[in-house]
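# Summary of structural features
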Amino acid sequence: MAFEAALIGILCYLGALSSPWLLGLTGGWYLITRPLVSGMLVGFILGDVQTGIIIGVAVQAVYIAMVTPGGSMPADLNFVAFPAIALGILSNKGPEVAVALAATIGIAGTVLFNAMMVLNSWWNHRADVALEKGDERGVYLNSAIWPQATNFLMRFIPTFIAVYFGAQYINAFMDSLPQIVLSTMNVLGGILPAVGIAILLKQIIKNYSMLIYFLVGFICIVFLKLNMVALVIVGALLALIHYNYKPEPQAERVASTTTDDEDEF
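The rules behind each value
Sequence order as written defines the numbering, with residues in each chain counted from 1. At least 70 in pLDDT is required for a residue's local features to be given in this predicted model, at least 80 for side-chain atom pairs to be given and counted, and no such filter applies to totals for whole chains, interfaces and linings, which use all residues. Here the side-chain values reflect all heavy atoms present in the structure, with hydrogen atoms and water set aside. Only DSSP runs of H or I covering at least 4 residues are called helices, and only runs of E covering at least 2 are called strands; the numbering of each starts at the N terminus. Take the number of residues in a helix, subtract one, and multiply by 1.5 Å to get its expected span. Any pair of N or O atoms that falls within 3.5 Å is considered a polar contact. Within protein, one atom must be able to donate a hydrogen and the other to accept it, and sequence-neighbouring residues count only if both atoms are side-chain atoms. We define a nonpolar core as any set of buried Ala, Val, Leu, Ile, Met, Phe, Trp, Tyr and Cys residues linked to one another through side-chain atoms lying within 4.5 Å. Per-residue accessibility, obtained with a 1.4 Å probe over protein chains only, is compared with the maximum for each type, and a residue is labelled buried under 20%, exposed over 50%, and partly exposed between these values. A contact between two residues is defined here by any heavy atoms of the two lying within 4.5 Å. Residues forming no salt bridge and having over 30% relative accessible area are the ones grouped into patches, like charges within 9 Å of each other and nonpolar side chains (Val, Leu, Ile, Met, Phe, Trp, Tyr) within 5 Å. Accessible surface area values rest on a Shrake-Rupley calculation with a 1.4 Å probe, where residue burial reflects the displayed protein chains alone. One speaks of a salt bridge when a side-chain nitrogen belonging to Lys or Arg is within 4 Å of a carboxyl oxygen belonging to Asp or Glu. To obtain each axis, a line is fitted to C-alpha atoms, and for helices this fit is confined to the stretch in contact; angles are then taken between N-to-C directions over 0 to 180 degrees. With respect to orientation, any angle under 35 degrees is reported as roughly parallel, any angle over 145 as roughly antiparallel, any angle of 65 to 115 as roughly perpendicular, and every other angle as oblique. By convention, the crossing between two helices is left-handed when the near helix turns anticlockwise from the far helix through less than a right angle, and right-handed when the turn is clockwise. We call Phe, Tyr and Trp rings a pair once their centres come within 6.5 Å, taking the six-membered ring for Trp, and we label the pair stacked below 30 degrees between planes, edge-to-face above 60, and tilted otherwise. The criterion for a charge sitting over a ring is simple: Lys NZ or Arg CZ within 6 Å of the ring centre, and within 35 degrees of the ring normal.

A separate point is helix H10 (residues 228–245). Because an α-helix packs 3.6 residues into every turn, residues spaced three or four apart end up facing the same way. Under the 1.5 Å per step criterion, the end-to-end length of H10 is 25 Å for 18 residues, consistent within 8% with the ideal 26 Å. Measuring from the backbone nitrogen of Val229 back to the side-chain oxygen at the start of H10 gives 3.3 Å, which picks out Asn227 as the cap.

In structure tokens:
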């Protein structure tokens, strides 16, 4: 597992919030750190792409509405996307348990993220001192090289340790847990994706009457047994109907009438 653990550790670093190598945030944080994408990558490395994608979809639903204002994170999505999904695949306990593991590891990852921010402040201070002395090499090292080295070590080492040693002990550890603990993790893991979807709906829905479209999608999947392609087509038709035939607000109607009257005058 050393090679696989090293690959996942490198991906964890490349997808970090402050890693610049994959087109900055575009290819790293906003692409490979999305659990849906990282689940496929980790599954490919561990030889089980299908399970990786299934777990990635479940974890993605939990964090689909997560935002990081000013670098403040309720959970470190980077650790969720790589070591947590890897351990979820290795546990062989299903996506529900993997989601519960991911939520726990993501919260723990914020401790390392905050520690890295503190260390970056120290590197920044050293860069200021080097600037006052006119030391261009010192400015470059303390503003570009050493912070990235710190970021690499704080991403690669925990991920490598978790995947390398977790591969040996995760199954025995999960089997040793009482059934009530596993049942609780299954229940919580099933609820968390619904919480993520609910947070997303809370952010994007301005009028609660639009929830009817969400219920239509729920009926199409659960009762009519439509696949995702058919549901996308139904959603596109509903969106077209909504935006083409929705009533105009009263203020816009009055303004339009006034403009027409002025044109006639």
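Core analysis: the largest hydrophobic core is formed by 45 residues, its most contacted members being Ile8, Val42, Val59, Tyr63 and Phe82. Among the elements of the structure, helix H1 (2–14), helix H2 (28–32), helix H3 (35–46), helix H4 (49–62), helix H5 (77–91), helix H6 (95–132), helix H7 (136–176) and helix H8 (179–204) are those that each provide at least two residues to this core. A per-element tally of this core places H5 first, with 10 residues. Once you skip the residues sitting within four places of it in the chain, Val59 turns out to touch Pro35, Val80, Ile85, Val99 and Ala102.

So, about the environment of Val37. Within the fold, Val37 resides in helix H3. With relative accessibility at 25%, the residue Val37 sits in the partly exposed group. Distance in space between the C-alpha atoms of Val37 and Gly56 is 7.2 Å, their sequence separation being 19 residues. Every residue in contact with Val37, bar those within four places of it in the chain, is listed here: Leu31 and Ile32.

Looking now at a nonpolar patch on the surface. Taken together, the side chains of Phe218, Ile219, Ile221, Val222, Phe223, Leu224 and Met228 present a nonpolar region at the surface, about 670 Å² in accessible area. Broken down by element, the nonpolar patch gets its largest block of residues, four residues, from helix H9 (residues 211–222). A residue is classified by how much of its surface remains accessible, and Phe223, at 59% relative accessible area, is exposed.

Next up on the list: the packing of H1 against H3. Put simply, H1 and H3 touch, their axes get as near as 9 Å, and they point 165 degrees apart. As far as their axial angle goes, H3 and H1 are roughly antiparallel. Read as a crossing pair, H1 and H3 show a hand that is right-handed. Of H3, the residues touching H1 (which contributes Glu4, Leu7, Ile8 and Leu11) are Leu41, Val42, Ile45 and Leu46.

Assignment of secondary structure puts Thr33 in the loop between H2 and H3. Setting aside residues up to four positions removed in sequence, Thr33 forms contacts with Gly15, Ala16, Gly28, Leu77, Asn78, Ala81 and Phe82.

Here a ring pair, both rings aromatic, is described through the centre-centre distance and the interplanar angle of the planes. What the rule picks out here adds up to eight aromatic pairs. Arranged with centres 5.1 Å apart and planes meeting at 90 degrees, the rings of Tyr164 and Phe165 form a pair that is edge-to-face. For Tyr164, a relative accessible area of 28% gives the class partly exposed. Residue Phe165 is classed as partly exposed on the basis of its relative accessible area of 39%. Above the face of the Trp29 ring, Arg34 is positioned so that its terminal group lies 5.5 Å from the ring centre. Sitting over the face of the ring of Trp122, Arg126 holds its NZ or CZ atom 5.2 Å from the ring centroid.

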